[in-house]
Amino acid sequence: MKHVSVADAKARLSELIQQLHEEEEIVIVRHGQPVARLINVPRIRLTDHSISQPMPLARETVAAELFDMDSGPITLR
């Protein structure tokens with residue numbers, strides 16, 4: 001865990017964010033006392049959908065299976 005002063009954090013914020021890939025967390029201190037903590041937030045990636053192709057609504061994908069009793073067991077995708 002790395003400690004940096006508030007002044008250093010203000011001056012080097014971009015650099016500290018880059019260092020979060022290597023560090024678990026960075027603690028920002030004022031007069032030797034912790035006042036904030038920078039942590040790395042994992043990215044969430046959508047693999048099958050994007051903003052240009054929104055996820056289909058449930059009624060569009062499952063409705064046919066729900067109302068077709070001859071289709072056998074229902075499997076959710």
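These numbers come from a predicted model, not from an experiment.

### Considering the overall build of the protein chain
Move 1: Scanning the protein chain for helices and strands turns up three helices and three strands.
Move 2: If you list the helices and strands of the protein chain from N to C, you get β-α-α-β-β-α.
Move 3: The buried share of the protein chain, taken over its 77 residues, is 17%.
Move 4: Considering only intrachain contacts with a sequence separation of at least 6, the fraction spanning at least 24 residues in the protein chain is 20%.
Move 5: Carbon and sulfur atoms make up 56% of the accessible area of the protein chain, which amounts to about 7000 Å² in all.

### A look at the confidence of the model for the protein chain
Move 1: Model confidence for the protein chain is summarised by a mean pLDDT of 76, while 56% of its residues fall at 70 or above.
Move 2: Mean pLDDT across the secondary structure elements of the protein chain bottoms out at helix 3 (residues 58-67), with 54, and peaks at helix 1 (residues 6-11), with 96.

### So, unusual backbone geometry
Excluding glycine, residues mostly carry a negative phi; peptide bonds, for their part, are mostly trans.
Move 1: Notably, His31 is not glycine yet its phi reads approximately 55 degrees, a positive angle.
Move 2: In this structure His31 comes out as exposed when scored by relative accessible area, which is 78%.

### Re the sheet that holds strand 3 (residues 33-39)
Move 1: Across the sheet, three strands lie side by side as 1-2-3; this open sheet has mixed pairing. Looking at which strands have only one partner, the edges of the open sheet turn out to be strand 1 (2-5) and strand 3. Within this sheet the neighbouring strands show an average axis-to-axis angle of 30 degrees, counted without direction.
Move 2: One ladder, built from four bridges, connects strand 1 with strand 2 (residues 25-30); its direction is parallel. Bridged to Val4 within strand 2 is Ile28.

### What to know about the environment of Asn40
Move 1: Tracing the chain through its elements places Asn40 in the loop between strand 3 and helix 3.
Move 2: In contact with Asn40, other than residues within four places in its own chain, are Leu20, His21 and Glu24.

### Details of the pattern of salt bridges
Move 1: Across all of its chains, the model carries two salt bridges by this definition.
Move 2: When the shortest N-O distance is used, the salt bridge between Glu15 and Arg12 registers 3.2 Å.
Move 3: The class for Glu15 is partly exposed, based on a relative accessible area of 38%.
Move 4: Residue Arg12 is classed as partly exposed on the basis of its relative accessible area, which comes to 28%.
Move 5: The closest approach of N and O atoms between Arg37 and Glu25, which form a salt bridge, is 3.2 Å.

Cut-offs applied
Residues numbered from 1 in each chain as written. Predicted model: local features only at pLDDT ≥ 70, side-chain atom pairs only at ≥ 80, totals over all residues. Heavy atoms only, no water. Helix = DSSP H or I, 4+ residues; strand = E, 2+ residues; numbered from the N terminus. Buried < 20%, exposed > 50% of the residue type's maximum accessible area, 1.4 Å probe, protein only. Contact = heavy atoms within 4.5 Å. Areas by Shrake-Rupley, 256 points an atom, 1.4 Å probe, with all protein chains shown as cover. pLDDT = per-residue confidence, 0-100. Pairing = 2+ DSSP bridges. Axes fitted to C-alpha atoms, helices over the stretch in contact; angles between N-to-C directions. Salt bridge = Lys/Arg side-chain N within 4 Å of Asp/Glu carboxyl O.

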